[in-house]
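Each chain, written out:
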Amino acid sequence: MTPALTNPDGISQPSAKERFAHALALVPEIAAVEARIRSTFKSDVAIMREIPEYLLSLGGKRIRPILALLCSKALGAQEITDDIIDIAAGIELIHMATLMHDDIIDQSPIRRHKPSAYAKYGTPGTLLSGDFLLTRAFGLCSRLDREIIEATEQACIELVEGETLEIAVPLGEHTASSSLTIATRKTASLFRLAAFCGASLTDSPDAVKDHMTKFGESLGIAFQIIDDILDVTSDEATLGKRPGIDIAERKPSLINILWIASGDPAAKRLLTPPDPLTEQAFVEESLTKLRESAVLTEAKNAARRHADVATKNLAEALGGDLSNLTPEGEALFAVIDFALERVL
Ligand code: FPP
Ligand code: MG
């Protein structure tokens, strides 16, 4: 599907995970992004330094800033400028703010294998830390071009809209299409922004910016569907939280929507509030059933379709000649494959 990493004899193809590790090695500037993020944790109110520092210390893939760096390098950036570091840091700060607010909304005790900021510091401090980080993010990006500021504003609006649609509309009123709208807004919006900024800051022509934007958005949608699938197929040690949360929380994940649409009578229970006495058994039975179901195959096919759109647009953005890719171009294809390899 995607071009192989340099491998002239075609033997022993590296796995997508190895290719992703190789991609990381191409962006050592991620350390400067991390330092820029940390430099914004300045306040004489200690808790405003402590809570963001705690969330940052929990790790994470940093996939959004990595995308911004790789896109700009793949499009010919000779050096990673302060502007690219600023926007890559700003995007991760926005992502951190959304995680803080999301854990409050979902009342999630665990994030990245550890107590969430919400569980450790409570609602007021975590809520306000999210506000602090969002403001810092706009402080960084306000020094950049107008089109970047506007794209960042648009992404944040979509984040809020996506989260609102997810919690405010009852599960029974959702469709596969509305589930994908939520994925597009709450997840793909920041992937799209990262890829767009990489193109914008290398002064790419509009057509290239458009293809990079579509690449980022499609990758983000695939990423959210993969997240929904992992909630069913993975385990606590890998996920960093217990599986089946989307079932327990009656989320409009693509898996839940497809399961209801399949007509399986067991799925009807998703449309009723949890019964504390039998809920645990329901989640476990649902997971066992879904792991062997056509619903899972359908969701995997949907993830693959969006990854294919990402691949096509990335190829266009990089000029269409895949025989002559730069290592950074190859690394971007590896990011798509790595996301998919986690579930296929
Ligand atoms: C995690 O999804 C949540 C998001 C991707 C978006 C959350 C957005 C908001 C809370 C709106 C606030 C917006 C701003 C700009 C601060 P999930 O619950 O499916 O994933 P999880 O398992 O990681 O919690
Ligand atoms: Mg959540």
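Residues numbered from 1 in each chain as written. Chains lettered and ligands numbered in written order. Predicted model: local features only at pLDDT ≥ 70, side-chain atom pairs only at ≥ 80, totals over all residues. Heavy atoms only, no water.

A. Spatial organisation of the overall build of the protein. Broken down by element type, the protein carries 16 helices and two strands. Its C-alpha atoms give the protein principal-axis dimensions of roughly 60 × 55 × 35 Å. Taking all 344 residues of the protein together, the buried fraction comes to 52%. Long-range pairs, those at least 24 residues apart, make up 75% of the contacts in the protein between residues at least 6 apart in sequence. Split by element, the accessible area of the protein, about 15400 Å² in all, is 54% carbon and sulfur. For the protein, the separation between the mean place of its 35 positive charges and that of its 50 negative charges on side chains is 3 Å. (Helix = DSSP H or I, 4+ residues; strand = E, 2+ residues; numbered from the N terminus. Buried < 20%, exposed > 50% of the residue type's maximum accessible area, 1.4 Å probe, protein only. Contact = heavy atoms within 4.5 Å. Areas by Shrake-Rupley, 256 points an atom, 1.4 Å probe, with all protein chains shown as cover. Lys, Arg positive; Asp, Glu negative; His and termini not counted. Charge placed at Lys NZ, Arg CZ, Asp CG, Glu CD.)

B. Main features of the environment of Ser129. On the secondary structure map, Ser129 appears in helix α7 (residues 123-141). Under the relative-accessibility criterion, Ser129 is labelled buried at 0%. When near neighbours in sequence (up to four residues on either side) are disregarded, Ser129 contacts Ile47, Met48, Ile51, Pro52 and Met100. Polar contacts involving the side chain of Ser129 include one to the main-chain carbonyl oxygen of Gly125, which spans 2.8 Å. (Polar contact = N/O pair within 3.5 Å; in protein donor to acceptor, adjacent residues only side chain to side chain.)

C. Examining the coordination of the magnesium ion (ligand 2) more closely. Each protein donor to the magnesium ion (ligand 2) is listed here as Asp102 (OD) and Asp106 (OD); together their distances run 2.1 Å. Linking Asp102 with Asp106, this pair stays in helix α5 (residues 82-106), spanning four residues, or about one helical turn. (Donors = N, O, S within 2.8 Å, 3.2 Å for Na, K, Ca; no water.)

D. Structural view of the environment of Ile245. Structurally, Ile245 is set in helix α12 (residues 245-248). Its relative accessible area of 18% is what places Ile245 among the buried residues.

E. Examining the packing of helix α4 (residues 63-74) against α5 more closely. Two elements in contact, α4 and α5, have axes separated by 8 Å at closest approach and are oriented at 155°. As judged from the angle between their axes, α4 and α5 are roughly antiparallel. When the axes of α4 and α5 are compared, the crossing they make is right-handed. Contacts from Arg64, Pro65, Ala68, Leu69 and Ser72 of α4 reach α5 at Ile84, Ala88, Ile91, Glu92 and His95. Of the residues assigned to the contact of α4 with α5, the class counts are six nonpolar, two polar and two charged. (Axes fitted to C-alpha atoms, helices over the stretch in contact; angles between N-to-C directions. Parallel < 35°, antiparallel > 145°, perpendicular 65-115°, else oblique. Left-handed = near helix turned anticlockwise from the far one by under 90°. Nonpolar A, V, L, I, M, F, W, Y, C, P; charged D, E, K, R; others polar.)

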